[in-house]
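In case you want the letters, here they are:
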Amino acid sequence: QVQLVESGGGLVQAGGSLRLSCATSGRSFSRNAMGWFRQAPGKEREFVAACNWSGGSTYYADSVKGRFTISRDNAKNTVYLQMNSLQPEDTAVYYCAADSRIYLIGSFASTAGDSYDYWGRGTRVTVSS
């Protein structure tokens, strides 16, 4: 039973920080790209960040570059999203996702949600002004 479980969401004031965690189980994703996506109320799901299998290559939406950092600890089967300088526009439910495909270009990680096969239930982040 593959599971991705996000944690670390909550309410924070603008300018604050949160660290989200995504614990995976049921299979190893140590060879797979992982991503974070978010969905704000009334909006479509959007890409936030992704990293390749090792975490050595990272990709970010323009809206979060310089503020968010994706990382992973494959020994702990966990992916993280460090969010700094949070803004009200960051308010959303944040989802982690795993891509089951193995890419010959080892640095690759998709920014498209359709590329990801496994999804967590999400953790809510609310940023107040």
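For the structure itself, consult the block above.
What you see is a predicted model; the values in this text were computed from it and never measured. Residue numbers run consecutively from 1 along every chain, following the written order of its sequence. The predicted origin of the model limits local features to residues at a pLDDT of at least 70 and limits the giving and counting of side-chain atom pairs to 80 or more, whereas totals for whole chains, interfaces and linings rest on all residues. In computing side-chain properties, one takes all heavy atoms of the structure into account and sets aside hydrogens as well as water.

**Student:** Requested: an account of the environment of Tyr-116, with residues and values cited.
**Tutor:** Numbering goes from the N terminus for both helices and strands, where a helix is a DSSP run of H or I of at least four residues and a strand is a run of E of at least two. For Tyr-116, the position within the fold is in the loop between strand 9 (92-98) and strand 10 (118-119). On the basis of relative accessible area, Tyr-116 is assigned to the buried category, the value being 4%. The spatial distance from the C-alpha of Tyr-116 to the C-alpha of Val-2 is 13 Å, given a sequence separation of 114 residues. Here Tyr-116 is in contact with Ala-33, Met-34, Gly-35, Phe-37, Ala-50, Ala-97, Ala-98, Asp-99, Ala-109 and Ser-110, once residues within four sequence places are set aside. Each residue's exposure class comes from its accessible area (1.4 Å probe, protein chains only) as a fraction of the maximum for that residue type: buried when under 20%, exposed when over 50%, partly exposed otherwise. Any pair of residues with heavy atoms lying within 4.5 Å of one another is described as a contacting pair.

**Student:** For empty space enclosed by the protein, give the residues involved together with the corresponding values.
**Tutor:** Space inside and on the surface of the protein is sampled on a 1 Å grid over the protein atoms alone, with a cavity defined as a set of points where a 1.4 Å probe fits but cannot get out and a pocket as an open set with protein on both sides within 12 Å along at least 5 of 7 lines; lining residues have an atom within 4 Å of a point. Grid points are joined across faces, edges and corners, and a volume is the space filled by probe spheres set on the points. Under the defined criterion, the tally for this structure stands at one cavity of 30 Å³ or more. By volume, the largest cavity is sized at about 40 Å³. What lines the largest cavity is Thr-24, Phe-29, Ser-30, Arg-72, Asn-74, Asn-77, Thr-78 and Val-79.

**Student:** Which residues make up the pairing of strand 11 (residues 123-128), and what values go with them?
**Tutor:** Only one face of strand 11 is buried, namely the one carrying Thr-123, Val-125 and Val-127, since none of Arg-124, Thr-126 and Ser-128 on the opposite face is buried. Bridge count between strand 2 (residues 10-13) and strand 11: four bridges; the pairing is parallel. Looking across to strand 11, one finds that Gly-10 is bridged to Val-125. We treat two strands as partners when DSSP finds at least two bridges between them. Sheet analysis places strand 9 next to strand 11, joined by three bridges and oriented antiparallel. The residue of strand 11 that forms the bridge with Tyr-94 is Thr-123.

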